[in-house]
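Each chain, letter by letter, is given below.
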Amino acid sequence: MTTALISAERRGAVHILTLNRPERLNALPDLEDGDAFAAVCEAINADLSVRCVVITGAGRAFSAGGDLKAMKERRDLFEGSGAEIRERYRRVVHRIVRSLYALEVPLIAAVNGPAMGLGCDIAGLADIRIASDRASFGVPFLKLGIIPGDGGSWLLPRNVGYARAAEMLFTARSIDAETAERWGLVNRVVARDELMDEAMATAEQVAAHAPQALRMGKTLLRQGRDMNFDQMLEMSAAMQALAHLTDDHLEGVSAVLDKRPADFTGR
């Protein structure tokens, strides 16, 4: 599914989403963007043949975040009373981040350039983040006299730790790709012209695994952020019982014993 914002491409079991607003540095969000993300992510979740998603940006930026001209003119997302703006954040911005967070398959961010504000937090929602050597990351909300309205104050400390999240937020300074790697915000940094090859190689490694187990594994990692150990053990036992009953489990065991690649079918 392709929208005015999101260009979608399928390569085998991997779905590539490209933020396709390069003339505005992939600024987000326009009022229709919440619906666009929701539609694309819901379609991916419903398609059990999709095993991994890669998200990147067209042009020289991943996403520059909010539209400053719209903010200054108090139009679109930023128009009207406080109650109206709050409701648009819930229906547009929150729908974007909720949709990406709810993806059932692993999400890889291929961060090709600057990822600022909402753009930084969208990259931070990915399970694996690979950055171009030209990427940069920042959360300059306080510099604009606002706060992270997209849930970034929950997400960023989980990605880089409280102290580093506080430094990024309170100073409004951006960090380069090498610092982002050192802080744990990205898994690795590669040359810009190698970025998509590296992201796709990683995605194909992910997509080679049993699709049901892959989705359950992601659920366990995400739920583990907020569960205690006993709750995680109970959820793990329930999901493991389901996994043991799949044909893919028997195929995986047989493939290892036979010393051959597995042919997983999703059953």
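Quick notes on the rules
Residues numbered from 1 in each chain as written. Predicted model: local features only at pLDDT ≥ 70, side-chain atom pairs only at ≥ 80, totals over all residues. Heavy atoms only, no water. Pairing = 2+ DSSP bridges. Helix = DSSP H or I, 4+ residues; strand = E, 2+ residues; numbered from the N terminus. Axes fitted to C-alpha atoms, helices over the stretch in contact; angles between N-to-C directions. Contact = heavy atoms within 4.5 Å. Buried < 20%, exposed > 50% of the residue type's maximum accessible area, 1.4 Å probe, protein only. Arc of directions from axis to C-beta. Parallel < 35°, antiparallel > 145°, perpendicular 65-115°, else oblique. Left-handed = near helix turned anticlockwise from the far one by under 90°. Nonpolar A, V, L, I, M, F, W, Y, C, P; charged D, E, K, R; others polar. Patch = residues over 30% accessible without salt bridge, like charges linked within 9 Å, V, L, I, M, F, W, Y side chains within 5 Å. Areas by Shrake-Rupley, 256 points an atom, 1.4 Å probe, with all protein chains shown as cover. Salt bridge = Lys/Arg side-chain N within 4 Å of Asp/Glu carboxyl O. Phe/Tyr/Trp six-rings, centres within 6.5 Å; stacked < 30°, edge-to-face > 60°.

Describing the sheet that holds strand β1 (residues 6-11)
Spatial strand order, β1-β2-β3-β4-β6-β9: 6 strands in an open sheet with mixed pairing. A strand with exactly one partner marks an edge of an open sheet, and here the two such strands are β1 and β9 (188-190). On average, adjacent strands in this sheet sit at an angle of 20 degrees to one another, irrespective of strand direction. Running at roughly 165 degrees to strand β6 (residues 128-132), helix α8 (residues 195-207) makes contact with β1, β2 (14-19), β3 (52-57), β4 (107-111), β6 and β9 of the sheet.

Details of helix α6 (residues 162-171)
Buried residues of α6: Ala165, Ala166, Met168 and Leu169, and no others. The arc that holds every buried residue of α6, seen down its axis, measures 165 degrees, which confines them to one face. For α6, the exposed residues lying more than 90 degrees away from the buried face are Ala163 and Phe170. Trailing α6 by a residue or two, Ala172 shows a phi angle of about 65 degrees, which is positive.

A closer look at the packing of helix α1 (residues 33-46) against helix α3 (residues 82-101)
When two helices pack together, their arrangement is given by the angle between the helix axes and by the axis-to-axis distance. One can describe the packing of α1 onto α3 by two numbers: an axis separation of 7 Å at closest approach and a directional angle of 20 degrees. Viewed along their axes, α1 and α3 adopt a mutual orientation that is roughly parallel. Viewed along their axes, α1 and α3 form a crossing whose handedness is left-handed. Contacts between α1 and α3 pair Asp33, Gly34, Asp35, Phe37, Ala38, Cys41 and Glu42 from the former with Arg91, Val92, Arg95, Ile96, Ser99 and Leu100 from the latter. Partitioning the contact of α1 with α3 into residue classes produces 6 nonpolar, 2 polar and 5 charged.

Some thoughts on the sheet that holds strand β7 (residues 136-138)
Pairing is mixed in the open sheet, where 3 strands are placed in the order β5-β7-β8. Two strands lie at the open edges of the sheet, namely β5 (114-116) and β8 (175-176), each paired on one side alone. Judged from the 3 bridges that link them, β5 and β7 form a sheet pairing that is parallel. Residue pairing for β7: Pro114 is matched across the bridge by Ser136.

Quick word on the environment of Tyr101
Checked against the element boundaries, Tyr101 lands in helix α3. On the basis of relative accessible area, Tyr101 is assigned to the partly exposed category, the value being 27%. It is 6.1 Å that separates the C-alpha atoms of Tyr101 and Leu125, two residues lying 24 residues apart in sequence. Apart from residues lying up to four places away in sequence, Tyr101 is in contact with Leu125, Trp154, Arg222 and Arg225.

Structural notes on the packing of helix α9 (residues 211-223) against helix α10 (residues 229-244)
Two elements in contact, α9 and α10, have axes whose closest approach is 11 Å; the angle formed by their N-to-C orientations is 180 degrees. It follows that α9 is roughly antiparallel to α10 by the angle criterion. Contacts between α9 and α10 involve Met216, Thr219, Leu220 and Gln223 from the former and Met232, Met235, Ser236, Met239 and Ala243 from the latter. Of the residues contributing to the contact of α9 with α10, the split by class is 6 nonpolar, 3 polar and no charged.

Some details on a nonpolar patch on the surface
A cluster of nonpolar side chains, contributed by Leu142, Ile147, Tyr162 and Phe170, occupies part of the molecular surface with about 480 Å² of accessible area. Its place among the elements puts Phe170 in helix α6. Here Phe170 falls in the exposed class, since its relative accessible area comes to 55%.

Examining the packing of aromatic side chains
One pass over the structure, following the stated rule, counts 1 aromatic pair. Judged by centre distance (6.0 Å) and plane angle (85 degrees), the ring pair of Tyr101 and Trp154 falls under edge-to-face. Separated by 53 residues along the polypeptide, Tyr101 in helix α3 and Trp154 in helix α5 (residues 152-160) bring together distant segments of the chain. On the accessibility criterion, Trp154 (33% relative accessible area) is partly exposed.

Here's the deal with the pairing of β4
In terms of burial, β4 is a largely internal element, 5 of the 5 residues being buried. Of the two faces of β4, the one lined by Leu107, Ala109 and Val111 and the one lined by Ile108 and Ala110 are each fully buried. With 4 bridges connecting them, β4 and β6 associate as parallel partners. Across the sheet, the residue bridging to Val111 is Ala131, located in β6.

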